[in-house]
There are 2 protein chains.
Amino acid sequence: MSSTTNNINNPYITVGDFLSNVNNFKIIESTLREGEQFATSFFNLETKIKIATMLDDFGVDYIELTNPAASEQSRDDCAAICKLGLKAKILTHTRCTLEDAKLACDCGVDGVDVVIGTSQFLREHSLGGKDMVAVTKQAIEVIEYIKSRGCEVRFSSEDSFRSDLVDLLSIYRAVSNAGVGRVGVADTVGCASPRQVYDLVRTLRGCVSTDIEVHFHDDTGCAVANSFTALEAGATHIDTSVLGIGERNGICPLGALMARMMPTSRDYVLSKYKLHKLKAIEDFVAEAVQINVPFNNPITGFCAFTHKAGIHAKAILNSPSTYEILKPEDFGLSRYVHFASRLTGWNAIKSRVDQLGLKMTDDQIKEVTAKIKQMGDIRPLAVDDTDSIIRSFHFELQDGQTVQNGQNGVNGHKE
Amino acid sequence: MSSTTNNINNPYITVGDFLSNVNNFKIIESTLREGEQFATSFFNLETKIKIATMLDDFGVDYIELTNPAASEQSRDDCAAICKLGLKAKILTHTRCTLEDAKLACDCGVDGVDVVIGTSQFLREHSLGGKDMVAVTKQAIEVIEYIKSRGCEVRFSSEDSFRSDLVDLLSIYRAVSNAGVGRVGVADTVGCASPRQVYDLVRTLRGCVSTDIEVHFHDDTGCAVANSFTALEAGATHIDTSVLGIGERNGICPLGALMARMMPTSRDYVLSKYKLHKLKAIEDFVAEAVQINVPFNNPITGFCAFTHKAGIHAKAILNSPSTYEILKPEDFGLSRYVHFASRLTGWNAIKSRVDQLGLKMTDDQIKEVTAKIKQMGDIRPLAVDDTDSIIRSFHFELQDGQTVQNGQNGVNGHKE
């Protein structure tokens, strides 16, 4: 849980804090568990192996698989992935019962993530009205069994942010004393806000001696921010899935978490994760579950590194860090300064003129920029359109020049 | 800036705070300004009027338009939208110069949002090395001009989270004294994290007597959480765009902000905004800029209210609030319990059996659930497939029953 601040000279590093693990966190990648609960997911063994292998290569610390009790094939697949010999530890996610725990251990996993509902809602509607004493007793029995089988064990409450705080801390303390390696906080319904997350995780940090894993759903758009804030409050492990796929609109996306961590923890992230492999993993999973990568996906959305407004383009061309907190080249991607619109400015057009290998004075570039903006008022401009306007303008300039110089027009057209 | 807590009985309301405006905020909708800076945006006047009218009907407080100085058509469109007589106030967003301010006022806007770079990065690369004294002097001159024209004026720094804190507070204090109605904090590069936002906005709240507007880019996935946290710290106005479209991967999406506010500020949100119109607005804008609504979009993503895992389905069928913080019916949408997969459980199948109007005992439903999970192990199941398995199983049951009852099979098949 120590926090190494090797980014001390970074001017926009987050507020330092002795609790913070932003420079020392682990990823529990749950595409093959939470992700299988996504509406259109159906992973056969071949697909599962491909995803697990890619994630392992990327550098995730843990890979979590669907409960082997879900179906016969789920059990066989779990056993098969355990045998792959990946660097990442293999976990499975089970209900808090001896039957599920036994099946999980029999599959050869490195660890079992058990979960049980602790909110009044879930105890009433999912656990048939069990009280917290019964829930705790059941948890300890299962934990001791899993430990006796030599596996890591994590205990998580479900719907933690709508559970009674005293109930929660009591059960976490009990399972911590029972020797779990990790406790989990889960925002199962996606209701938590960052300051609630900070308060709960910071409080929990003082009550248990275990690692702390967090799992955030994105129903209210805060999964990434909540994950980051949990690390600031002392959490050690973040649950992710590729593109965030999971129940409903999913959980904290692996890629977005990388985007969030890079500005604050660049050295740590680069030392652990192969960021240039992110796009291929996302593309593979997107195809497997038949979705498109969202247009606004951090890093890999088609326009994540596109700059359009004239004033943005001007500054970006001077120095990319003016309008970029992430460097596209860190992810094997490239920046695009959009110049074909009425919002363009002459600095963007100047850059394009240079790319086209044409020579113009600044005044001439301002003149052709005005022409492009006029045309951009009438209809959407393709790159080709803009290039045509530039070339045609340049052609006329050359023509004018050649007349002035008394040369014939043909020579003047050479570029 | 007063905070009315009419949700006092809500068990998962956020931590209360005298600074908080989560129950008293306004929306500055910038689809027609920030959104026009999105890579594929090209809005003609007809489209702009349609978007402005829909947003006005939805209930946004302000509509922000592209700088009239951007192009001739931008100026004409701005003037035309000002003449529509919408309930929402019309703003435009300009550079901090007298020329831009004059043009904006001439168009008939209700207010002008001026912005100027304050970070060292921007002063160096965008403003030709201006120091803070020169930046402040320029700002006050422009502010006084706009006020003299009878318009609202907002002053925003750009790239606020990478600006020197003392510089920032000095210029905000100066413009507050010069009589701006609103100061703006802008995370132009999308680098801010929630606790940084809380700290800066809370500090600013103590330094100025104006309203506080916040503008968050989503490069690191925190725009929604940062907007919410800013309200907790005393901000009063949130910038949004439909689906978040804007420079790079955009800003805080209008819909996601609604998702974030509903669990904490349900009564306030319902009193102001027509949530059931959200989907139509998103669909219209998505088509206009040729994008798909992201699969994981809060509220309107295709699976935002889809439940798949057996244990989730069981609880949801008992009581939707177990796994839903948002009610689909608030948005004119409906929930879907996915039952056609190997992750299904017998409670989900029971619900489907009821929907099909079939009668089975719980034991029979568990038996057919096992069959469905077996089939779901082999290949993806369509709803039709699952229904076929259920009907076929039911058919056999009826058949068996009719044999037991000594009746002929044909009558037994009636449902």
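Scroll up for the structure.
About the thresholds
- Residues numbered from 1 in each chain as written.
- Chains lettered and ligands numbered in written order.
- Predicted model: local features only at pLDDT ≥ 70, side-chain atom pairs only at ≥ 80, totals over all residues.
- Heavy atoms only, no water.
- Axes fitted to C-alpha atoms, helices over the stretch in contact; angles between N-to-C directions.
- Helix = DSSP H or I, 4+ residues; strand = E, 2+ residues; numbered from the N terminus.
- Left-handed = near helix turned anticlockwise from the far one by under 90°.
- Contact = heavy atoms within 4.5 Å.
- Nonpolar A, V, L, I, M, F, W, Y, C, P; charged D, E, K, R; others polar.
- Phe/Tyr/Trp six-rings, centres within 6.5 Å; stacked < 30°, edge-to-face > 60°.
- Buried < 20%, exposed > 50% of the residue type's maximum accessible area, 1.4 Å probe, protein only.
- Salt bridge = Lys/Arg side-chain N within 4 Å of Asp/Glu carboxyl O.
- Least-squares fit on C-alpha atoms with pLDDT ≥ 70 in both.
- Parallel < 35°, antiparallel > 145°, perpendicular 65-115°, else oblique.

1. Regarding the packing of helix 6 (residues 165–177) of chain B against helix 7 (residues 194–205) of chain B
Residues and elements named next belong to chain B.
Working step 1: One can describe the packing of helix 6 onto helix 7 by two numbers: an axis separation of 11 Å at closest approach and a directional angle of 40 degrees. Relative to helix 7, helix 6 is oriented so that their crossing is right-handed. Seen from helix 6, the contacting residues are L165, L168, L169 and Y172; seen from helix 7, they are L200, T203 and L204.
Working step 2: Looking at the contact of helix 6 with helix 7 residue by residue, the class counts come to six nonpolar, one polar and no charged.

2. Examining the packing of aromatic side chains
Working step 1: In this structure the tally under the stated criterion is 14 aromatic pairs over all chains.
Working step 2: Aromatic side chains F38 of chain A and F302 of chain B sit 5.8 Å apart centroid to centroid with 85 degrees between the ring planes, which places their arrangement in the edge-to-face category. Of this pair, F38 of chain A sits in the loop between strand 1 (26–29) and helix 1 (45–58) while F302 of chain B sits in the loop between helix 10 (278–288) and strand 9 (306–307), which puts the two residues in different chains.
Working step 3: Classification of F302 of chain B as partly exposed rests on a relative accessible area of 47%.

3. As for the pattern of salt bridges
Note that side chains of opposite charge can pair when their charged atoms are close.
Working step 1: Across all of its chains, the model carries 60 salt bridges over all chains by this definition.
Working step 2: In this structure, R195 of chain B and E232 of chain A form a salt bridge, with 3.5 Å as the shortest nitrogen-oxygen distance. Within this pair, whereas R195 of chain B is found in helix 7, its partner E232 of chain A is found in helix 8 (residues 223–232), the two belonging to separate chains. Taken as a pair, R195 of chain B and E232 of chain A share a single burial class, namely buried.
Working step 3: Salt-bridge contacts for R266 of chain A lead to D330 of chain A; the nearest nitrogen and oxygen are separated by 2.5 Å. Remark: D330 of chain A occurs in the loop between helix 11 (310–318) and strand 10 (336–337) and R266 of chain A occurs in helix 9 (residues 254–272); sequence separation between them is 64 residues.
Working step 4: You can call R266 of chain A partly exposed: its relative accessible area is 26%.
Working step 5: Note on D330 of chain A: relative accessible area 17%, which makes it buried.
Working step 6: A cluster of three or more residues bridged by salt bridges with shared partners is formed by K89, D113, E152, R154, R182 and E213 of chain A.

4. Here we look at the relation of the copies chain A and chain B
Working step 1: After a rotation of 180 degrees and a shift along the axis of 0.0 Å, chain A superposes on chain B with an RMSD of 0.0 Å. Such a combination of rotation and displacement between the chain copies is what one expects of a two-fold axis. If distances are taken from each C-alpha of chain A to the rotation axis, the shortest is found for P294 of chain A, at 2.4 Å.
Working step 2: Looking at chain A, 100% of its interface residues are interface residues in chain B too, so the copies touch through the same face.

5. What to know about the packing of helix 11 (residues 310–318) of chain B against helix 12 (residues 346–355) of chain B
Residues and elements named next belong to chain B.
Working step 1: The contact between helix 11 and helix 12 brings their axes to 7 Å, and the two run at 50 degrees. The orientation of helix 11 relative to helix 12 falls into the category oblique. Seen from helix 11, the contacting residues are A313, K314 and L317; seen from helix 12, they are N347, A348 and S351.
Working step 2: Residues belonging to the contact of helix 11 with helix 12 are distributed by class as follows: three nonpolar, two polar and one charged.

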